[in-house]
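# Remarks on the overall topology
Read off the chains here:
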Amino acid sequence: MDSAQGGLLMTEGPALDTTVTLMPTTGTTERAPRVHTGTVRSWTAGAAGLVVTSHVSADPGTVEALDGQRVWVSTEAGEPGAVVPHAVFQAVAQAHRSDELALTGVMLLASETRRAAVRVPTSLAVHLTTPEGVADARTVDISRSGLRLEAQDLPAEHTEVDVALELDEGLEVHARGEVVRVDDEHHEAVVRFLELDEGAAEVLERSVLSELARQSRSS
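Residues numbered from 1 in each chain as written. Predicted model: local features only at pLDDT ≥ 70, side-chain atom pairs only at ≥ 80, totals over all residues. Heavy atoms only, no water.

On to the overall build of the protein chain, then. Within the protein chain, the regular secondary structure consists of three helices and 13 strands. In the protein chain, which comprises 219 residues, the proportion classed as buried is 45%. In the protein chain, the share of contacts with a sequence separation of at least 24, taken over all contacts with a separation of at least 6, comes to 57%. Working note: accessible area of the protein chain is about 11,200 Å², and carbon and sulfur atoms make up 48% of it. (Helix = DSSP H or I, 4+ residues; strand = E, 2+ residues; numbered from the N terminus. Buried < 20%, exposed > 50% of the residue type's maximum accessible area, 1.4 Å probe, protein only. Contact = heavy atoms within 4.5 Å. Areas by Shrake-Rupley, 256 points an atom, 1.4 Å probe, with all protein chains shown as cover.)

Okay, structure coming up:
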């Protein structure tokens, strides 16, 4: 994963008409806070990318819901070899028009050129149910599309597993996944999610973005 020092990304930003997801950084009482969508209409950067403003079109309900809030903005992965990779930003959203948000104070949290989702290093308890039984492990990193874990007894490649991932604040997400890679030397395996329980994707996305922001502040 690339760090936030991607100067090219900060100055050029996502391509116009790129679809982005937006999520308030503040917690809510809902288990699965709503993820909004929008489309990048402009990207203006000052010298060295130090001051960035972006305009994102969205439906009026989204503009009203996010006006005045600090948000996470996540772009979709581009085509192979694209200049701008999949990326996660933090910004302040303000209503510019009834159908457009101005994003100011844009700060890049992470970018990913090789995978469809940004990963974050974190150690969390994860329980795997396989045809052989239940195994306990710890995550090495997680994303909204899967996780890398470490354990002494690893399932074989191509094994389908039920995943129970313990997040902060007592939340737990459940998914059906497939083991796509095993590294016996380092006792690590990569699990790709095949199915997520209802609401689990948004809870997982919030956990990833929150941890990225925390690590960015402490770096």
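Structure's up, so let's keep going.
For a regular strand, side chains alternate in direction, first toward one face of the sheet and then toward the other. Sheet analysis places strand β8 (residues 125-130) next to strand β9 (residues 133-143), joined by six bridges and oriented antiparallel. In the sheet register, Thr130 faces β9, and the bridge partner there is Gly133. Between β8 and β9, which pair antiparallel one after the other, the connecting turn spans two residues. Pairing of β8 with strand β11 (residues 160-166), which is carried by four bridges, proceeds in the antiparallel orientation. (Pairing = 2+ DSSP bridges.)

Let's shift gears to helix α3 (residues 200-218). For α3, with 19 residues, the first-to-last C-alpha span of 27 Å sits near the 27 Å given by 1.5 Å per residue. Along α3, the residues classified as buried are Ala200, Val203, Leu204, Glu205, Arg206, Ser207, Val208, Leu209, Glu211, Leu212 and Ala213. (Expected span 1.5 Å × (residues − 1).)

Pairing between side chains of opposite charge can happen when their charged atoms approach one another. Scanning the entire structure with this criterion turns up 11 salt bridges. Among the salt bridges present, the one from Asp99 reaches Arg97, with a minimum N-O distance of 3.2 Å. The exposure class of Asp99 is partly exposed, given its relative accessible area of 32%. Residue classification places Arg97 among the partly exposed residues on the basis of a relative accessible area of 47%. (Salt bridge = Lys/Arg side-chain N within 4 Å of Asp/Glu carboxyl O.)

The next point concerns the nonpolar core. Counting 33 residues, the largest nonpolar core has Val126, Ile142, Leu147, Leu149, Val163, Leu165 and Leu212 as the members making the most contacts within it. Contributions of two or more residues to this core are made by β6 (100-112), β8, β9, β10 (146-150), β11, β12 (172-183), β13 (188-196) and α3. Looking at this core, the element that brings in the most residues is α3, giving seven residues. Discounting residues that sit within four places of it in the chain, Leu165 has contacts with Leu124, Ala125, Val126, Thr139, Ile142, Leu147, Leu171, Glu172, Val173 and Leu204. (Core = buried A, V, L, I, M, F, W, Y, C linked by side-chain atoms within 4.5 Å.)

Applying the stated rule across the entire model yields one aromatic pair. Centre to centre, the rings of Trp43 and Phe89 are 5.4 Å apart; their planes meet at 55°, and the pair counts as tilted. One end of the pair, Trp43, is in strand β2 (residues 36-45); the other, Phe89, is in strand β5 (residues 86-97), with 46 residues separating them in the sequence. The exposure class assigned to Trp43 is buried, which follows from its relative accessible area of 15%. (Phe/Tyr/Trp six-rings, centres within 6.5 Å; stacked < 30°, edge-to-face > 60°.)

This paragraph deals with the side chain of Thr75. With respect to the helices and strands, Thr75 occurs in strand β4 (residues 70-75). On the basis of relative accessible area, Thr75 is assigned to the buried category, the value being 2%. A distance of 2.9 Å separates the side chain of Thr75 from the backbone nitrogen of Ala87, its partner in a polar contact. (Polar contact = N/O pair within 3.5 Å; in protein donor to acceptor, adjacent residues only side chain to side chain.)

Another aspect to go through is unusual backbone geometry. Its identity as a non-glycine residue notwithstanding, Asp17 has a phi of 75°, on the positive side. Looking at the secondary structure, you find Asp17 in the loop between α1 (7-12) and β1 (19-24). Backbone geometry at His187 places phi at a positive 55°, although glycine is not the residue there. Mapped onto the elements of the fold, His187 is located in the loop between β12 and β13.

Our next topic: the environment of Ala137. Checked against the element boundaries, Ala137 lands in strand β9. The exposure class of Ala137 is buried, given its relative accessible area of 10%. Residues Ala137 and Leu154, spaced 17 residues apart in sequence, show a C-alpha to C-alpha distance of 9.0 Å. Excluding anything up to four places from it in sequence, Ala137 contacts Leu124, Ala125, Val126, Leu149, Glu150 and Ala151.

The values reported here are purely geometric and, on their own, carry no functional implication.
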